[in-house]
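Residues per chain, in single letters:
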Amino acid sequence: MRRYILMAMVLLSTTLATAQERGFNLIVVGDPQPQTEEQLARLECEIVPRIATIVEEYRATGYPTALLLTGDVVWDTMEFLPRVKAMFEALGVPVYAVIGNHDHPADVVDNEPLAQECYEAVFGPRNYTVQLGDSHLFALDNIVYTDHDNYHIDIDRGQLRWLKRELRKIDPDSRVVIAMHAPVVDYRGGGSLLKYARPIIRLAKGHEIDFVTGHRHRHATADIAPDIVEHSVAQVNGNLWFAPICSDGTPQGVFCIEERDGNWQWHHRMLGHNANKQMVVWPTGRVNENEDYVVVKIIGWDDRWRVEWMEDGTPRGAMEQIEIVDPDYIYYVENEATYDETIMARLRRSAYPHKHYFRCRPAPSTKLLTIRATDRFGRHFEEVIHLD
């Protein structure tokens with residue numbers, strides 16, 4: 001069998017003095033991926049302290065809190081693995097991880113067990129299960145590694161047999177959370193489900209299923225089927241440490257999952273902002289080819305959001321959805337980034353239009369414009385723009 005499989009059971013759903021129902025908070029950190037000492041220092045000094053603020057907020061809720069790293073914990077720098085783990089463990093909550101393609105030594109070829117040893121020595125088994133509140137998280141290694149430039153995404157039969165055995169042990173009403181590095185949805189190929197994920201879904205049939213993945217460095221929430229969702233988590237640090245924002249416009253941040261009495265809510269949390277900051281707004285004249293419009297980005301958008309606007313207190317209905325390259329990202333690349341041509345080409349190549357943008361055209365006499373966004377859970381977020 002290509003992968004050996006072990007199980008680690010960790011129970012987070014302890015008795016809570018301040019909460020009446022069971023639950024947990026999970027802070028998902030997308031692909032930290034430091035490659036240099038400078039990037040490692042930035043992770044420790046810039047990123048982790050702002051995550052610490054979120055951890056403290058969640059501690060105050062009385063619910064258990066944990067972190068999940070979605071793989072590419074490092075960028076081919078195996079010596080950084082224990083240091084990254086120690087940074088996050090210093091936050092004082094359990095830290096879980098899945099292995100990514102960059103968590104293998106670049107000098108190992110055609111020897112996957114050897115390539116996995118560095119990661120396993122620090123984080124332990126690559127396939128394990130953890131109980132979080134009323135949910136059960138199953139971490140799976142879906143990177144089939146040949147060498148640095150050759151790997152593919154799959155789950156083998158041994159993993160499926162293990163998953164089948166473990167699923168038999170859980171309550172039939174439990175939510176099943178599948179954490180892996182690479183996604184199960186082909187986001188660039190029309191949004192179809194990748195073939196390797198189908199056996200996982202069949203095994204977990206009857207449960208609510210949430211896939212939590214990274215790898216793409218962009219945010220997406222995909223409703224695969226009723227009660228089956230993928231959360232594709234953006235990179236925590238921006239675009240590979242070379243831009244302070246992901247190429248899809250997702251700001252530096254983490255993905256927060258909150259379970260209360262078996263029910264889930266989630267949001268993208270911008271680092272350095274409170275949880276209500278879910279929009280970025282550009283007034284008229286600020287976005288190329290949309291100069292007459294107010295343009296708004298919904299950071300954690302999926303297709304179950306509603307985005308509406310009011311003009312001087314008068315409701316105007318839904319804003320128009322548009323697909324554009326993120327204005328802040330492209331401005332940074334063209335006006336502020338000063339890297340060599342190889343990195344600059346990479347930054348430009350990763351910029352392409354995304355759907356989480358909306359616009360409206362205010363009248364010239366408009367003084368006050370209000371944008372109201374409502375997510376799938378009925379939570380409302382507002383931004384008010386003074387146009388005079």
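Residues numbered from 1 in each chain as written. Predicted model: local features only at pLDDT ≥ 70, side-chain atom pairs only at ≥ 80, totals over all residues. Heavy atoms only, no water.

## Some remarks on the nonpolar core
- Ile27, Val29, Ile51, Leu67, Phe88 and Val254 are the most contacted members of the largest nonpolar core, which totals 33 residues.
- Within the residue set of this core, elements represented by two or more residues are strand 1 (23-29), helix 1 (37-59), strand 2 (65-69), helix 2 (81-89), strand 3 (95-97), helix 3 (112-123) and strand 14 (253-260).
- Looking at which element gives the most residues to this core, the answer is helix 1, with eight residues.
- Setting aside its immediate chain neighbours within four residues, valine 254 contacts Ile27, Val28, Val29, Ile51, Ile54, Val236, His267, His268, Arg269 and Leu271.
- With 22 residues, the next largest nonpolar core counts Ile155, Trp162, Ile209 and Phe211 among its residues. (Core = buried A, V, L, I, M, F, W, Y, C linked by side-chain atoms within 4.5 Å. Buried < 20%, exposed > 50% of the residue type's maximum accessible area, 1.4 Å probe, protein only. Helix = DSSP H or I, 4+ residues; strand = E, 2+ residues; numbered from the N terminus. Contact = heavy atoms within 4.5 Å.)

## Let's talk about the sheet that holds strand 11 (residues 209-213)
- Spatially, 4-5-8-11-13-12 is the arrangement adopted by the six strands of the open sheet, whose pairing is mixed. Looking along the sheet, the strands with just one partner apiece sit at the ends: strand 4 (128-132) and strand 12 (220-225). With strand direction ignored, the average angle separating the axes of adjacent strands in the sheet is 20 degrees.
- Of the pairings in the sheet, the one linking strand 5 (residues 135-139) to strand 8 (residues 175-179) comprises five bridges and is parallel in character. Opposite leucine 137, over in strand 8, you have valine 177 as the bridge partner.
- Packed on one face of the sheet, helix 4 (residues 157-167) meets strand 4, strand 5 and strand 8 and runs near 165 degrees to strand 5. (Pairing = 2+ DSSP bridges. Axes fitted to C-alpha atoms, helices over the stretch in contact; angles between N-to-C directions.)

## Details of the sheet that holds strand 17 (residues 294-298)
- Taken together, the four strands give an open sheet; going across it, the order is 16-17-21-20, and neighbouring strands pair in antiparallel fashion. Edge positions in the sheet fall to strand 16 (279-282) and strand 20 (320-324), since each has one partner strand and no second. Strand-to-strand twist of the sheet, defined as the mean angle between neighbouring strand axes without regard to direction, takes the value 35 degrees.
- Strand direction decides the pairing type here: strand 17 and strand 21 (residues 354-360), joined by four bridges, are antiparallel. Within the sheet, the bridge partner assigned to valine 294 lies in strand 21 and is cysteine 360.

## A word on the side chain of histidine 267
- Mapped onto the elements, histidine 267 comes out in strand 15 (residues 263-270).
- With a relative accessible area of 8%, histidine 267 lands in the buried category.
- Other than its neighbours up to four places away in sequence, histidine 267 contacts Tyr58, Val254, Phe255, Cys256, Glu258, Ala275, Gln278 and Arg379.

## Some thoughts on the confidence of the model for the protein chain
- Looking at the protein chain as a whole, its pLDDT mean stands at 94, while 95% of the residues score no less than 70.
- The model gives residues 1-20 a pLDDT under 50, and that stretch makes 63 contacts with residues more than four places away or in other chains. (pLDDT = per-residue confidence, 0-100.)

## As for the environment of alanine 41
- Among the secondary structure elements, alanine 41 is positioned in helix 1.
- Alanine 41 gets classed as partly exposed once you look at its relative accessible area, which sits at 34%.

## Let's talk about the packing of helix 1 against helix 2
- Direction vectors running N to C along helix 1 and helix 2 enclose 15 degrees, while the axes themselves pass 10 Å from each other. Between helix 1 and helix 2, the crossing angle belongs to the class labelled roughly parallel. Between helix 1 and helix 2 lies a crossing of right-handed hand. Contacts between helix 1 and helix 2 involve Glu37, Leu40, Leu43, Glu44, Val48 and Ile51 on the former and, on the latter, Arg83, Val84, Met87 and Phe88. (Parallel < 35°, antiparallel > 145°, perpendicular 65-115°, else oblique. Left-handed = near helix turned anticlockwise from the far one by under 90°.)

## Description of helix 6 (residues 327-335)
- What helix 6 keeps buried is the set Pro327, Tyr329, Tyr332 and Val333.
- On the buried face of helix 6, the contacting elements are strand 16, strand 20, helix 7 (341-349) and strand 21.
- Where helix 6 starts, the residue carrying a side-chain oxygen 3.1 Å from the main-chain nitrogen of aspartate 328 turns out to be aspartate 326. (Polar contact = N/O pair within 3.5 Å; in protein donor to acceptor, adjacent residues only side chain to side chain.)

## As for the packing of aromatic side chains
- Taken as a whole, this structure holds ten aromatic pairs when the rule is applied.
- On the basis of an interplanar angle of 25 degrees and a centroid distance of 5.7 Å, the ring pair of tryptophan 305 and phenylalanine 381 is categorised as stacked. Separated by 76 residues along the polypeptide, tryptophan 305 in the loop between strand 17 and strand 18 (306-311) and phenylalanine 381 in strand 23 (residues 380-386) bring together distant segments of the chain. Of the two residues, tryptophan 305 and phenylalanine 381, both sit in the buried class.
- In textbook terms, an aromatic cluster arises when at least three aromatic residues are bridged by ring pairs, as seen for Trp75, Phe242 and Tyr339. (Phe/Tyr/Trp six-rings, centres within 6.5 Å; stacked < 30°, edge-to-face > 60°.)

## Describing the pattern of salt bridges
- With the rule as written, the count across this model stands at 20 salt bridges.
- Ionic pairing is found between arginine 42 and glutamate 46, a salt bridge with its closest N-O pair at 3.4 Å. Of the two residues, arginine 42 and glutamate 46 both sit in helix 1, four residues apart, roughly one turn of that helix.
- Linked by salt bridges that have partners in common, Glu120, Arg126 and Asp141 make up one network. (Salt bridge = Lys/Arg side-chain N within 4 Å of Asp/Glu carboxyl O.)

## Here's the deal with a positive patch on the surface
- On the surface, a cluster of positive charge is made up of Arg157, Arg161, Lys164, Arg165 and Arg168.
- Looking at where arginine 161 falls in the secondary structure, it is placed in helix 4.
- On the basis of relative accessible area, arginine 161 is assigned to the partly exposed category, the value being 48%. (Patch = residues over 30% accessible without salt bridge, like charges linked within 9 Å, V, L, I, M, F, W, Y side chains within 5 Å. Areas by Shrake-Rupley, 256 points an atom, 1.4 Å probe, with all protein chains shown as cover. Lys, Arg positive; Asp, Glu negative; His and termini not counted. Charge placed at Lys NZ, Arg CZ, Asp CG, Glu CD.)

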